[in-house]
Amino acid sequence: MIQKRLSIFVCTIVSILLLQGCTTEKKSASLSRVLDRGYLVVGTVYGPTSYYVGAEGDTGFEYELAKKYADSLGVDLKIMASYSLDELFTRLDKGEVDLLAAGLTVTDNRRQKYNFAPSYNNISQKLVFKQGKKRPRELDDLTGTLMVTANSSHVENLTRLSESHAGLNWQESEELDNEELLLKILAEEIDYTIVDSHTLAVNRRYYPEISIGFTIKKSEPMAWAVSKSGDDSIFASLIEFFGDVHHNGTLLALDDKYYGHVEEFNYVDTRTFIKAVEEKLPKYRSIFEKYSQEVDWRLLAAISYQESHWEPHARSHTGVRGMMMLTLPTAKQMGIKSRLDAEQSIRGGAKYFKQMFERMPDRVPHPDRLWFALASYNVGLGHLNDARKITKQQGGDPDRWVEVKDRLPLLKQKKYYKNTKYGYARGDEPINYVDNIRRYYDTLTWMDNKQQAQLKEEEALKLQEAEKILIEEAIQNSQNETDIATSPK
């Protein structure tokens, strides 16, 4: 009897081990598996340059590019996002994701373990510190705490540099991402961190006090990572895909959408805008919301800031006036009696911008249609269409802002504008105009979303506190009733 029980016990243990072996067996990513199941699993990191959930749903450079790759395969996209690079690579090693699209730098160590698709961008590593502190210009100037994200390309570079700089020390964090490290610098909890150039360009719109010390690693390629185990079918399809998106302008358009307007950074302008959002905007926010209609009120506010810095009595040398800097003919056309009345000006500007937007061809994709409408608001629809015509004549896509804005400056050259319908125009002005508004719009959206999230958190805490009080009162009432019931008569 004992021997029989022992035999059953052994068989049970063996079965459990066999089942565990089956469940932990590494899966091999392959194109046939992706096509058979009907979806592609992509690992990425949360962040403004990779993947995040915006007002209109999933977005981010890596997300959009991954969606286009999934569409090219005819399958759905399933995102598996993480805050940890180590977790992402573990998932790739186990076959839980088919590839990583996470703004990864192609390093020597990573190349030994993974295959990388063709590069889609080049970035450098910047050592950053807080504005007002002593600027470090080389490694030997570092006197405080340097902290970087664990398992990042920054760690690999620092390890290499430490071979020739014996005194180089740093801390690695598995919990903090790039933005959180930047916040630690602003809070003066650490002195330095390292940020990739494209990530820094985006974040400096929100944190202008972050300053660049020096470039700690020069330009390196970014690419998607694929496991070396299994067949090379996904790797081969990525080579074809990136060849296509390089050739058809998809990459160019995506790069302009996320980074085209943040290449230049102006500390004073950024700080002035953030201050105006905090001090001036609250007075006019309800008006922007009232007349925004189908347009995001924050975009309308960004246009107004570019036009007048939210000054109702603003005036320019060309005769435009008010919050939205309307010309006298445009104001009359929009039914505006006083351009110096803030509400009337905003109402007229919103109506005029909506007209510009609606006059753009339906085939123009989002957000290019917005940028075209902004350029028209500044330089006029006729001059914009002249630039679109030149773009088409030169073999470019007249429906992509990134291509048309390269031709707008040609309207200042006689050999081009003499053959256009509307003639000469200062075509570089609408480019700066649109870029500025896009920066203001992004910053305002970020600040507003952050404020709304904070308000929701405060409301949730108030609700929890109220529920806690109600529960305590109910317990106390119950106790009082018990005391009354049990007290001597």
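Cut-offs applied
- Residues numbered from 1 in each chain as written.
- Predicted model: local features only at pLDDT ≥ 70, side-chain atom pairs only at ≥ 80, totals over all residues.
- Heavy atoms only, no water.
- Helix = DSSP H or I, 4+ residues; strand = E, 2+ residues; numbered from the N terminus.
- Buried < 20%, exposed > 50% of the residue type's maximum accessible area, 1.4 Å probe, protein only.
- Contact = heavy atoms within 4.5 Å.
- Areas by Shrake-Rupley, 256 points an atom, 1.4 Å probe, with all protein chains shown as cover.
- Lys, Arg positive; Asp, Glu negative; His and termini not counted.
- Charge placed at Lys NZ, Arg CZ, Asp CG, Glu CD.
- Phe/Tyr/Trp six-rings, centres within 6.5 Å; stacked < 30°, edge-to-face > 60°.
- Pairing = 2+ DSSP bridges.
- Salt bridge = Lys/Arg side-chain N within 4 Å of Asp/Glu carboxyl O.
- Axes fitted to C-alpha atoms, helices over the stretch in contact; angles between N-to-C directions.
- 1 Å grid on protein atoms, 1.4 Å probe; cavity = no way out; pocket = protein on both sides within 12 Å on 5 of 7 lines; lining within 4 Å.
- Points joined across faces, edges and corners; volume = space filled by probe spheres on them.
- Nonpolar A, V, L, I, M, F, W, Y, C, P; charged D, E, K, R; others polar.
- pLDDT = per-residue confidence, 0-100.
- Arc of directions from axis to C-beta.
- Left-handed = near helix turned anticlockwise from the far one by under 90°.

Undergrad: Can you lay out the overall build of the protein chain for me, pointing to particular residues and giving the numbers?
TA: Broken down by element type, the protein chain carries 20 helices and twelve strands. Out of the 489 residues belonging to the protein chain, those deemed buried represent 47%. Partitioning the contacts of the protein chain with sequence separation of at least 6, the portion at a separation of at least 24 is 68%. Total accessible area on the protein chain stands at roughly 26,100 Å², and carbon and sulfur atoms take up 49% of it. Each charge class in the protein chain can be summarised by its mean position, and for the 65 positive and 71 negative side chains these summaries are 7 Å apart.

Undergrad: Break down the packing of aromatic side chains for me, with residues and values.
TA: Evaluated as defined, the whole model comprises 24 aromatic pairs. Ring geometry for W224 against F242: centres 5.1 Å apart, planes inclined by 80 degrees, an arrangement best described as edge-to-face. Taken together, the positions of W224 in the loop between β11 (210-222) and β12 (225-227) and F242 in helix α9 (residues 233-247) put the pair 18 residues apart, joining distant regions of the chain. You'll find W224 and F242 in the same group, each marked buried. Judged by centre distance (5.9 Å) and plane angle (40 degrees), the rings of F273 and W310 are tilted.

Undergrad: So, the pairing of strand β7 (residues 121-130): which residues are in play, and what are the values?
TA: Judged by how many residues are buried, β7 sits mostly within the fold: nine of ten residues are covered. Strand direction decides the pairing type here: β7 and β11, joined by nine bridges, are antiparallel. Note that in β11 the partner of I123 across the bridge is E220. Bridging between β7 and strand β10 (residues 193-196) involves four bridges; their strand directions are antiparallel. Residue pairing for β10: L127 is matched across the bridge by I194.

Undergrad: Explain the side chain of D435 to me, and be specific about the residues and the numbers.
TA: By the secondary structure assignment, D435 is in helix α20 (residues 428-486). Buried D435, no salt bridge; nearest opposite-charge side chain is K405, N-O distance 4.2 Å. In this view, D435 contacts G260, H261 and K405; residues no more than four positions away in its chain are not counted.

Undergrad: Account for the sheet that holds β11, naming residues and giving values.
TA: For sheets, the rule is that strands pair by backbone hydrogen bonds, running either parallel or antiparallel. The three strands are arranged β10-β7-β11 in an open sheet whose pairing can be described as antiparallel. Strands with a single pairing partner mark the edges of an open sheet, and in this sheet they are β10 and β11. Taking the axes of each pair of neighbouring strands and ignoring which way they run, one obtains an average angle of 25 degrees across the sheet.

Undergrad: Got a sec to walk through the layout of surface pockets? Specific residues and values, please.
TA: Roughly 650 Å³ of volume is contained in the second largest pocket. Residue lining of the second largest pocket: 23 residues in total, with T318, V320, Y377, N378 and E429 positioned closest to the centre. Among the elements of the structure, α13 (297-308), α16 (368-379) and α20 are those that each provide at least two residues to the lining of the second largest pocket. Of the residues belonging to the lining of the second largest pocket, the class tally is nine nonpolar, eleven polar and three charged.

Undergrad: Give a detailed account of the confidence of the model for the protein chain, specifying residues and quantitative values.
TA: Per-residue pLDDT for the protein chain averages 89, and the proportion of residues at 70 or more is 93%. Counted against residues more than four places away or in other chains, residues 1-25, with its pLDDT under 50, gives zero contacts.

Undergrad: Describe unusual backbone geometry, listing the residues and the values that go with them.
TA: Omega for the peptide link from H366 to P367 comes to 5 degrees, which places this bond in the cis form. You can see P367 is positioned in the loop between α15 (342-358) and α16. Within the chain, Q293 stands out as a residue other than glycine whose phi angle is a positive 55 degrees. Turning to its location among the elements, Q293 is positioned in the loop between α12 (281-291) and α13. According to the relative accessible area criterion, Q293 is partly exposed, its value standing at 48%.

Undergrad: So what's going on with helix α4 (residues 85-94)? Residues and values would help.
TA: In an α-helix there are 3.6 residues to a turn, and that puts residues three or four apart on one side. Residues of α4 that are buried include every one of L85, L88, F89, R91 and L92, and no others. On an axial view of α4, the arc spanned by its buried residues comes to 155 degrees, and they lie on one face. Looking at the packing, one finds that the buried side of α4 touches β1 (39-45), β4 (76-82), β5 (99-100), α5 (108-113), β6 (114-116) and β12. Looking one or two places after α4, you find G95, whose phi comes out positive at around 80 degrees.

Undergrad: Report on the packing of α12 against α15, specifying residues and quantitative values.
TA: Running from N to C, α12 and α15 cross one another at 35 degrees; their axes reach a closest spacing of 9 Å. By crossing handedness, the relation of α12 to α15 is classed as right-handed. Where α12 approaches α15, its residues Y284, I287, F288, K290 and Y291 are matched on the opposing element by A342, E343, I346, R347 and A350. The residue makeup of the contact of α12 with α15, split by class, is seven nonpolar, no polar and three charged.

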